[in-house]
Amino acid sequence: ISYGAIGSESVLPANQPGAFYFALFISSNPVGPFTFTGVYATNTATAGRIGPNGYVVFVPGWPGGTIMYYEVVGWSSNLGPIWNPGWLVNNLPAPANDPVWSGATTNSYFGLSGIVSGASEPNSSPPIGVALPLFGGTGLKGFNLAPVAQQVRLSVTKLGSSIGLSWTPSGGTLEWSPVVEPGVTWATAGTQNPTNIPVSSGAKFFRVAP
C-alpha cells in the first residue's frame, strides 16, 4: 500500500506502526451499501504492509462459511485514530470542500481499495468470520492513499471604503468573480495575505486557488 500524489507515491513507511490506520468494510452486495465492521489495522514495521501476516480476527456481521464483498479504507493518523463515517459519501471520498476535512493538513492522506469477495472460515467455534487472505491472490490488490485537499478558511473584515481579506492556511492566490456558475472565469486579485479590496458596486465572489 502506498501514499502520496499519483506519480510520486511512496510505500507505507517501515518502522512507523500507527502512522496510518485501516478499516474493514463488508456487504452482501457488490454495489453495497458497505458497513464498517469495527475491525481496524495499522501499518507494520514492514514497508508497504498492514497486518501482521496471518492475523485472524472475528469480524462482526460476517458469519462463518458466508461469501461477502469487502473493501479496506485507509487514512493517515493525523486525521484521528477513529473511523469517521463522514469521510465517505456513497462509498466515495467526501468532497474536498466538505467540513469533515476541516482538520486535514498538507500531510493528510485518505484512500479506498477496490472491492472483492471471499468466503469466511466455516469450521471455527465461535466462527472467526474471516480466515482468508484479504490481499493478494484473488483478494484485494494494493491501493494508494491520496493527499486530502486542505480546506481554506477565508475571512472578510469591513475597513472603511475597503474590505480586508485573509485566509488560512497561507499561500495560494486570491481570485474573484462577479458570478458563481459552471464555466466561470476567475480573475486574479493577488497573493498578498491579508489584502485589501476597494468596495465597489455589484457583487464579488472570492476564492483561494492553489
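Here, every reference points to the structure presented above.
To start, this report covers the structure provided alongside it. All values derive from a computational prediction rather than experimental measurement.

So, how was this worked out
Residues numbered from 1 in each chain as written. Predicted model: local features only at pLDDT ≥ 70, side-chain atom pairs only at ≥ 80, totals over all residues. Heavy atoms only, no water. Helix = DSSP H or I, 4+ residues; strand = E, 2+ residues; numbered from the N terminus. Buried < 20%, exposed > 50% of the residue type's maximum accessible area, 1.4 Å probe, protein only. Contact = heavy atoms within 4.5 Å. Core = buried A, V, L, I, M, F, W, Y, C linked by side-chain atoms within 4.5 Å. Salt bridge = Lys/Arg side-chain N within 4 Å of Asp/Glu carboxyl O. Pairing = 2+ DSSP bridges. Axes fitted to C-alpha atoms, helices over the stretch in contact; angles between N-to-C directions.

### A word on the environment of Gly-164
Stage number 1. For Gly-164, the position within the fold is in strand β14 (residues 162-168).
Stage number 2. The class for Gly-164 is buried, based on a relative accessible area of 10%.
Stage number 3. On a C-alpha basis, the gap between Gly-164 and Tyr-40 in space is 46 Å, while along the polypeptide they are 124 residues apart.
Stage number 4. When near neighbours in sequence (up to four residues on either side) are disregarded, Gly-164 contacts Ser-155, Val-156, Thr-157, Leu-159, Thr-195 and Asn-196.

### Topic: the nonpolar core
Stage number 1. Grouped together as the largest cluster of nonpolar side chains are 21 residues, with contacts concentrated most on Leu-12, Phe-20, Phe-22, Trp-62, Tyr-70 and Leu-145.
Stage number 2. Elements with a contribution of two residues or more to this core: β3 (20-27), β4 (35-42) and β6 (67-76).
Stage number 3. The dominant element in this core, judged by the number of residues it contributes, is β3, at 4 residues.
Stage number 4. Listed in part, the 14 residues of the second largest apolar core include Phe-25, Val-73, Ala-94 and Val-148.

### Considering the side chain of Thr-173
Stage number 1. Counting through the fold element by element, Thr-173 comes out in strand β15 (residues 173-177).
Stage number 2. Classification of Thr-173 by relative accessible area gives buried; the value is 18%.
Stage number 3. In this structure, Thr-173 is in contact with Thr-188, Gly-190, Thr-191, Arg-207, Val-208 and Ala-209, ignoring residues within four places of it in sequence.

### Concerning the pattern of salt bridges
Stage number 1. Overall, the coordinates contain 1 salt bridge when judged by the stated rule.
Stage number 2. Across the pair Glu-175 and Arg-207 runs a salt bridge, and its minimum N-O distance is 2.8 Å. In this pair, Glu-175 sits in strand β15 while Arg-207 sits in strand β18 (residues 205-209), placing the two residues 32 residues apart along the sequence.
Stage number 3. For Glu-175, a relative accessible area of 12% translates into the label buried.

### Side note on the sheet that holds β15
Stage number 1. Taken together, 3 strands build an open sheet; the order of strands is β16-β15-β18 and the sheet is antiparallel. Both edges of this open sheet fall to β16 (187-190) and β18, since each of them pairs with a single strand only. Neighbour to neighbour, the strand axes of the sheet diverge by 40° on average, direction disregarded.

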